Amino acid sequence: MYLCVVSCLFMYICILLAVAFFTLMERKVLSYMQIRKGPNKVGISGLPQPLADAAKLLTKEIAKPTMANYSPYFIAPIFSFLLALMLWQLYPSLYSLGYFKWGILFFLCVSSLNVYGTLLAGWASNSKYALLGSLRAIAQTISYEVSMALILLFPLFVVGTFSFIEIKESQGFVWLSFLMVPVSLIWFATCVAETNRAPFDFAEGESELVSGFNIEYGSAGFALIFLAEYGSILVMSLFSALLFFGGGSMFILEGDVVFMVKVLFFAFAFIWLRASYPRFRYDLLMGLTWKSFLPASLSFLLIILVLCYFTLY
């Protein structure tokens, strides 16, 4: 019992540190891609910058908007943060104490609840900018969850299990991405849209919504929303590596270090996209999922079902 509690606490502390230094990595990578200097004043090459930002945010006075609905206003950041941490229970480490046989179902259930945190934050702030940002984020998230759930059925039917660990271990010599490259590309684009990242960051369009659903948040509330967003980026990078690039190959034996290198590559790809592409129009984003990703996902899923049927019979 105590070992389980200590292990969970240690894992959550490592996750928070990873999220903090991922923000430093993003600022450094964006600065070099834009030919400028990033954080370089705090400590050695700006390494303690995330710790300084965390100390600043957590020690600031908590603002209370006069017209806000206080209970959901304060619950929303905590709710989003807890959901982001819950997904890390599915991390398939050699040192994991838990084993989720129905991991894909757990992932779908928890990730589907993310819209409620955004809705609470936008509605409870009682600001038209926050409400419009939350409505756009909810429409975007729900739309892309449809194609994301269909793409999750692809490794499920190929491997025949709901467990992330078994999906990872089944890719001994051939990654699932090699079987159907367009599916893995659609999955990654869906992950970018699901986490409200550029070029799909319409929930935080600075030009028309100032800062979107979190405009009324500051200090600790903003820090929790920030941690939830970047925690979701890292966990979606983890599942991208696990579902389509998990396991070893004929040249290398998979281990936790090699697997985390793959996760870091996908996390770097999130930053790379942000530095490379401008923001889409909102109608193009919604048309992309309903008119392109959804028919493509259904078509590829039909192909896999036919192949599985003829393989079994």
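Thresholds, definitions, all that
- The residue numbering used here restarts from 1 in each chain and proceeds along that chain's sequence as written.
- Where totals are concerned, whole chains, interfaces and linings use all residues; where local detail is concerned, this predicted model gives features only for residues with pLDDT of at least 70, and gives and counts side-chain atom pairs only at 80 or more.
- Think of the side-chain values as coming from all heavy atoms in the structure, minus any hydrogens and water.
- UniProt positions are given in the numbering used here, feature names are shortened, and annotations may be inferred rather than shown by experiment.
- Runs of E in the DSSP output that reach at least two residues are strands. Runs of H or I that reach at least four are helices, and both are numbered from the N terminus.
- Burial classification: accessible surface area is computed with a 1.4 Å probe over protein chains only, and a residue below 20% of its type maximum counts as buried, one above 50% as exposed, and the rest as partly exposed.
- Residues count as neighbours in contact if any of their non-hydrogen atoms are within 4.5 Å of one another.
- What sets the accessible areas is the Shrake-Rupley method with a 1.4 Å probe; for residues, cover comes only from the shown protein chains.
- Positive charge is attributed to Lys and Arg, negative charge to Asp and Glu, and no charge count is given to His or to the chain ends.
- Throughout, a charge is located at the NZ atom of Lys, the CZ atom of Arg, the CG atom of Asp or the CD atom of Glu.
- To pair, rings of Phe, Tyr and Trp, with the six-membered ring standing in for Trp, must have centres within 6.5 Å; the planes then decide the type, stacked if under 30 degrees apart, edge-to-face if over 60, and tilted in the middle.
- Only Lys NZ and Arg CZ are tested; either one counts as a charge over a ring when it is within 6 Å of the ring centre and within 35 degrees of the ring normal.
- By this rule, a helix spans an expected 1.5 Å times one less than how many residues it contains.
- What is called the bend at a residue is the angle between a pair of axes, fitted to the seven residues leading up to and ending at it and to the seven starting from it.
- A 1.4 Å probe that fits but cannot get out identifies a cavity on a 1 Å grid over protein atoms alone, an open set with protein on both sides within 12 Å along at least five of seven lines counts as a pocket, and a residue lines either if it has an atom within 4 Å of a point.
- Grid points are joined across faces, edges and corners, and a volume is the space filled by probe spheres set on the points.
- Classes in brief: Ala, Val, Leu, Ile, Met, Phe, Trp, Tyr, Cys and Pro nonpolar; Asp, Glu, Lys and Arg charged; the others, Gly included, polar.

Named according to an unreviewed UniProt entry, the protein is NADH-ubiquinone oxidoreductase chain 1 originating from Volva habei. Under the Catalytic activity (unreviewed entry) heading, UniProt states for the protein: "a ubiquinone + NADH + 5 H(+)(in) = a ubiquinol + NAD(+) + 4 H(+)(out)".

### As for the overall build of the protein
Check the secondary structure of the protein and you find 13 helices and zero strands. Principal axes of the C-alpha set define a box for the protein whose edges measure 65 × 45 × 45 Å. Put simply, the protein has 313 residues, and 47% of those count as buried. Within the protein, counting contacts between residues at least 6 apart in sequence, those at least 24 apart form 79% of the total. When the accessible area of the protein is evaluated, it comes to approximately 16300 Å², of which 73% is carbon and sulfur surface. For the protein, the distance from the average position of its 18 positive side-chain charges to the average position of its 16 negative side-chain charges is 7 Å.

### Examining the packing of aromatic side chains
A full pass over the atoms with the stated rule returns 22 aromatic pairs. Taken together, a centroid distance of 5.8 Å and an interplanar angle of 50° make the contact between Phe 188 and Phe 266 tilted. With Phe 188 in helix 9 (residues 181-194) and Phe 266 in helix 12 (residues 256-276), this residue pair connects regions lying 78 residues apart in the sequence. Grouping residues by exposure puts Phe 188 and Phe 266 together as buried. Ring pairing ties together the aromatic residues Trp 175, Phe 178, Phe 188, Phe 245, Phe 265, Phe 266 and Phe 270, which thus form one cluster. Above the plane of the ring of Tyr 282 lies Arg 136, whose end atom (NZ or CZ) is 5.3 Å from the centre.

### Regarding helix 3 (residues 70-86)
Side chains three or four residues apart in an α-helix point the same way, a direct result of the helix having 3.6 residues per turn. Over its 17 residues, helix 3 extends 25 Å from the first C-alpha to the last, a length consistent with the 24 Å expected when each residue adds 1.5 Å. Within helix 3, the axis deviates most sharply at Ala 76, by approximately 30°, and proline Pro 77 lies no more than four positions further along.

### Topic: helix 6 (residues 128-159)
Taking 1.5 Å of rise per residue, 32 residues should cover 46 Å, and helix 6 covers 47 Å from first to last C-alpha, within 8% of that figure. The sharpest bend along helix 6 measures roughly 25° and falls at Glu 145. Of the residues trailing helix 6, Gly 160 is marked for its positive phi of about 85°.

### So, empty space enclosed by the protein
Evaluated as defined, the whole model comprises four cavities of 30 Å³ or more. Put simply, the largest cavity is a space of about 380 Å³. Around the largest cavity, the lining is made up of 25 residues, and of these Asn 114, Thr 118, Glu 194, Asn 196 and Ser 232 lie nearest the centre. Those elements giving two or more residues to the lining of the largest cavity turn out to be helix 3, helix 4 (103-112), helix 5 (114-124), helix 6 and helix 11 (219-245). Grouping the constituent residues of the lining of the largest cavity by class yields 13 nonpolar, nine polar and three charged.

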